[in-house]
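# Report on the structure
Chain by chain, the residues run as shown.
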Amino acid sequence: MLSSMAAQADVAHGKALVEKSCTACHTSTVYSRSDRRIKNLIGLQRQVSGCTRPAKVSWNKQDITDVVEYLNKEFYHFKK
Ligand code: HEC
């Protein structure tokens, strides 16, 4: 990937990663439940990187950015 694009998130890639590695413990309802715990973008970033450990994946920064972007766009809708 071009370095000038490194900061750009790839939402489709994020979605693919979540569907592949993140459905063992919770489905996507956890992201949209009424009492969800995540309240802002920073919290979402923390939770995603925290959840990579039990999910047994080693994602790089770009992967995490893509997943955060996907989850935010699809479920959380936090302002940037
Ligand atoms: C080993 C089990 C496990 C796996 C695998 C897992 N999670 Fe989680 N996740 C949890 C638990 C436990 C919670 C907390 C649920 C609660 O608070 O009731 C959680 C909560 C979350 C939340 C916050 C939901 C909210 O309340 O707003 C996000 C976002 C999340 N996980 C993302 C991910 C992502 C991305 C992956 C894939 C890397 C993943 N999880 C894989 C166990 C897991």
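The structure under discussion appears in the preceding block.
Below you will find a few notes about this structure. (Residues numbered from 1 in each chain as written. Predicted model: local features only at pLDDT ≥ 70, side-chain atom pairs only at ≥ 80, totals over all residues. Heavy atoms only, no water.)

### What to know about the layout of surface pockets
Approximately 390 Å³ is the volume attributed to the largest pocket. His26, Val30, Tyr31, Gln47 and Cys51 are the residues nearest the centre of the largest pocket, which is lined by 23 residues in total. Put simply, the parts of the chain that give the lining of the largest pocket at least two residues each are helix 1 (11-21), helix 2 (29-32), helix 3 (41-52) and helix 4 (61-76). Considering each element in turn, the lining of the largest pocket owes the most residues, five residues, to helix 3. In terms of residue class, the lining of the largest pocket is made up of 16 nonpolar, five polar and two charged. (1 Å grid on protein atoms, 1.4 Å probe; cavity = no way out; pocket = protein on both sides within 12 Å on 5 of 7 lines; lining within 4 Å. Points joined across faces, edges and corners; volume = space filled by probe spheres on them. Helix = DSSP H or I, 4+ residues; strand = E, 2+ residues; numbered from the N terminus. Nonpolar A, V, L, I, M, F, W, Y, C, P; charged D, E, K, R; others polar.)

### Side note on the packing of aromatic side chains
Scanning the entire structure with this criterion turns up four aromatic pairs. Taking the centre distance of 5.3 Å and the plane angle of 45° together, the rings of tyrosine 31 and phenylalanine 75 count as tilted. Of this pair, tyrosine 31 sits in helix 2 while phenylalanine 75 sits in helix 4, and the two are 44 residues apart along the sequence. Judged by relative accessible area, which is 8%, tyrosine 31 ranks as buried. Using a relative accessible area of 17% as the deciding quantity, one classes phenylalanine 75 as buried. With centroids separated by 6.3 Å and ring planes inclined at 55°, the aromatic side chains of tyrosine 31 and tyrosine 76 adopt a geometry described as tilted. Of this pair, tyrosine 31 sits in helix 2 while tyrosine 76 sits in helix 4, and the two are 45 residues apart along the sequence. Exposure remark for tyrosine 76: the relative accessible area of 7% places this residue in the buried category. Grouping aromatic residues by their ring pairs yields a cluster made of Tyr31, Tyr70, Phe75, Tyr76 and Phe78. (Phe/Tyr/Trp six-rings, centres within 6.5 Å; stacked < 30°, edge-to-face > 60°. Buried < 20%, exposed > 50% of the residue type's maximum accessible area, 1.4 Å probe, protein only.)

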